[in-house]
Amino acid sequence: MSKKAWLVAIIAVCFGLGARALFDHYQTSQKQAQAGALQSQGQPFNLYNTDDPRPRIVYFGYTHCPDVCPTSLAVLSAALKSLPESTRNAVSPVFITLDPKRDTSEKAAEYAHFFHPAITGVSGSEAQIAQLAKRYGVLYRITELEGSAMDYAVDHSSFFYFLSPNGELVEKVPHTLNPEMLIAAIERVTGQNKEQQ
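Residues numbered from 1 in each chain as written. Predicted model: local features only at pLDDT ≥ 70, side-chain atom pairs only at ≥ 80, totals over all residues. Heavy atoms only, no water.

Tallied over the full model, the rule gives five salt bridges. Asp155 serves as the salt-bridge partner of Arg141, at 3.7 Å between the closest nitrogen and oxygen. Residue Arg141 is found in strand β6 (residues 140-144), and its partner Asp155 is found in strand β7 (residues 152-156); the two are separated by 14 residues along the sequence. A residue is classified by how much of its surface remains accessible, and Arg141, at 57% relative accessible area, is exposed. Under the relative-accessibility criterion, Asp155 is labelled partly exposed at 34%. The partner of Glu171 in a salt bridge is Arg188, with the nearest N and O atoms 2.3 Å apart. Remark: Arg188 occurs in helix α6 (residues 179-190) and Glu171 occurs in strand β9 (residues 169-174); sequence separation between them is 17 residues. For Glu171, a relative accessible area of 18% gives the class buried. (Salt bridge = Lys/Arg side-chain N within 4 Å of Asp/Glu carboxyl O. Helix = DSSP H or I, 4+ residues; strand = E, 2+ residues; numbered from the N terminus. Buried < 20%, exposed > 50% of the residue type's maximum accessible area, 1.4 Å probe, protein only.)

Quick look at the structure:
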């Protein structure tokens, strides 16, 4: 094969690999966008709505959770209540159920509002929830409960995920009983300090 033919072949391979990478990136972006198209109270809710510039504070759990979820959402509520209104309005707290089989978007919203009216409770398809959980490293699994009226529990990791409007992970705060940890993270991502207000 001549030098020119080799060069043409190499360019063709590089072009093919580049096109494939672009296609893969497009498919990944589409999947992520679909995963972000959730529902709250029966209405569409887009987690990745770039028209809303507020950072998201996302907590993954489920409404039948006996301990960790109520505790975490109560801590989030306490953090929100202690912030000045301007700082509180600068973030979008979101509760995403890991149990879409039982948790409708109405049920998730009602549960979230029980803790604080600013927390949006959302649900989606099992595929959407799995995609979101995978993207942010949320670990969860269904555990059958023999002889229980609940049928099953959803064992899951417990973190608060601070996301930019386009879904990029900005910060992650582990399960805590101290609202100050969340307040500090909110102040960091919003650039607002409650001591200065």
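Structure's up, so let's keep going.
Quick look at α6 now. Taking 1.5 Å as the rise per residue, α6 with 12 residues should run 16 Å; its terminal C-alpha atoms sit 16 Å apart, in good agreement. Those residues of α6 that fall on the buried side of the exposure criterion are Leu182, Ile183, Ala185, Ile186, Glu187 and Thr190. On its buried side, α6 packs onto β3 (56-61), α2 (68-82), α3 (85-88), β8 (159-163) and β9. N-capping of α6 is provided by Asn178, with a side-chain oxygen placed 3.0 Å from the backbone N of Glu180. Following α6 by one or two positions, Gly191 has its phi on the positive side, about 75°. (Expected span 1.5 Å × (residues − 1). Contact = heavy atoms within 4.5 Å. Polar contact = N/O pair within 3.5 Å; in protein donor to acceptor, adjacent residues only side chain to side chain.)

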